[in-house]
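# Summary of structural features
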Amino acid sequence: MSKAPIKVCITGAAGQIGYALLPHICSGKTFGPDQPVILHLLDLAIDAVQTNLGGVKMELEDATYPLLKGVVTTGDAATAFTGADAVIMLGAFPRKDGMERKDLLEKNCGIFKEQGGLLNTVASKTVKVLVVGNPANTNCLIAAECAPNIPKENFSALTRLDHNRAIGQLAIKTNSTLEEVSNCIIWGNHSSTQYPDINHAKVKGKPAKEVIDDEAWYTGEFIPMIQKRGAAIIAARKLSSALSAAQAISDHMHDWVLGTPPGKYVSMAVDSTGNTYGVADGLIYSFPVTCSGGKWTIVKDLPINEFSKDKMKVTENELMEEKTTTQEILKA
């Protein structure tokens, strides 16, 4: 018996990440090879943007994906979110030259307060929400707090791109295949304060730090490279990551919905409440997680050295500052 279609909403769908993501979703790579989908594509209610979305819809029709059972394009968030089973939030207000971080947070507070409220009233109560638009962790926190009818665990922010970058660089450094590298961790914020941790990673079944045995490379090259990889891609392409971001979004949703492989964990930014690592409750913080039955679980009680504790605290402090700032904006 064939499955009923799920409604998948993408905000900011007219952008380059949305365009790169659609083949993953429509081919079954994201939600499973037997899972039909109906797409709700949301972007700004501006004629040129909606015309662009109409062109994307034409391409989707021409691509004849068997799993694609319908496409709705709209500039109205309430229409896009109605009945949604999964929402991938690419849209956010971009940082512009001369803009202070508080100004960026203020712009996005308004967007994610409104969209969280709409999710609360019109989306499925079991909806899975992934926030990608930056500052992703705090945007996710705002949306979750404005949607009290939806469980906090149904909200997450994307750090899988950082995780995949770490896996890729370890594979290159050790001349290994990607399948031979596992259990890197991204702790904290999707920003330059994130902490890419290989202390628990494995390469060909051995501890990564035994295989590499080069602390100077790890602290002086690897960590800054992963932290600043997005900026390096923008400098090279004059555009932000799209192909790799789409892959990471697909990986994140796939593992969340269909589960992680036995013995492996991945990085997701999720509700920190009740974690075993001393991170303050009430943040959207990236942890190592496993997924099963559509739910994520933070991997507990990994040993954390002093170097790691310091790095984890720096990124926690940044998230605390962002949370405080957004709370002040929302109260104003």
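Right, let's walk through the structure included here.

Rules of the game
Residues numbered from 1 in each chain as written. Predicted model: local features only at pLDDT ≥ 70, side-chain atom pairs only at ≥ 80, totals over all residues. Heavy atoms only, no water. Buried < 20%, exposed > 50% of the residue type's maximum accessible area, 1.4 Å probe, protein only. Helix = DSSP H or I, 4+ residues; strand = E, 2+ residues; numbered from the N terminus. Pairing = 2+ DSSP bridges. Phe/Tyr/Trp six-rings, centres within 6.5 Å; stacked < 30°, edge-to-face > 60°. 1 Å grid on protein atoms, 1.4 Å probe; cavity = no way out; pocket = protein on both sides within 12 Å on 5 of 7 lines; lining within 4 Å. Points joined across faces, edges and corners; volume = space filled by probe spheres on them. Nonpolar A, V, L, I, M, F, W, Y, C, P; charged D, E, K, R; others polar. Contact = heavy atoms within 4.5 Å. Expected span 1.5 Å × (residues − 1). Bend = angle between axes of the 7 residues up to and from the residue.

### Some words on the pairing of strand β14 (residues 295–298)
Within a regular beta strand, the side chains point alternately toward one face of the sheet and then the other, so they alternate between its two faces. Residues Trp296 and Ile298 point to one face of β14 and are all buried, whereas Lys295 and Thr297, pointing to the other face, are not buried. Examined bridge by bridge, strand β13 (residues 284–292) and β14 share four bridges and lie antiparallel to one another. Paired with Thr290 across the strands is Thr297, a residue of β14. If you look at the hairpin formed by β13 and β14, you'll find two residues sitting between the two strands, and Gly293 has a positive phi there, around 60°.

### Remarks on the packing of aromatic side chains
Taken as a whole and judged by the stated rule, the model has eight aromatic pairs. Ring geometry for Trp187 and Phe287: centres 6.2 Å apart, planes at 80°, overall edge-to-face. Taken together, the residues Trp187 in strand β8 (residues 185–187) and Phe287 in strand β13 connect sequence positions 100 residues apart. We classify Trp187 as buried; its relative accessible area is 0%. For Phe287, a relative accessible area of 0% translates into the label buried. Taken together, Tyr195, Trp217, Tyr218, Phe222 and Phe307 form an aromatic cluster joined through their ring pairs.

### Quick word on the layout of surface pockets
Estimates place the volume of the second largest pocket at around 490 Å³. Looking at the lining of the second largest pocket, the elements with two or more residues in it are α6 (160–173), β7 (181–182) and α10 (243–258). When the residues that make up the lining of the second largest pocket are grouped by side-chain class, the tally is six nonpolar, nine polar and six charged.

### Description of helix α5 (residues 136–145)
Each α-helix winds once per 3.6 residues, and so residues spaced three or four apart point in a common direction. Counting buried residues along α5, nine of its ten residues qualify, which places the element largely inside the surrounding structure. Within α5 the residues assigned to the buried category are Ala136, Asn137, Thr138, Asn139, Cys140, Leu141, Ile142, Ala143 and Ala144. Looking at the buried side of α5, the elements it contacts are α4 (101–122), β5 (128–131), β6 (155–157), β12 (266–271), β13 and α11 (306–331).

### Focus on the sheet that holds β7
Across the sheet, which stays open at both edges, the three strands sit in the order β7-β10-β11 with antiparallel pairing between neighbours. Each edge of the open sheet is held by one strand with a lone partner, namely β7 and β11 (206–207). In the sheet, β7 pairs with strand β10 (residues 202–203) via two bridges, with the strands oriented antiparallel. The residue bridging Val181 from the neighbouring strand is Val203, located in β10.

### So, helix α8 (residues 215–227)
Spanning 13 residues, α8 covers 17 Å between terminal C-alpha atoms, matching the ideal 18 Å at 1.5 Å per step. Maximum bend of α8: about 25°, positioned at Glu221, with proline Pro224 one to four residues after it. Three or more residues of α8 are buried, namely Trp217, Tyr218, Phe222, Ile223, Ile226 and Gln227. Turning to α8, the residues buried within the fold contact α6, β8, β9 (195–197), α7 (208–212), α9 (229–237) and α11.

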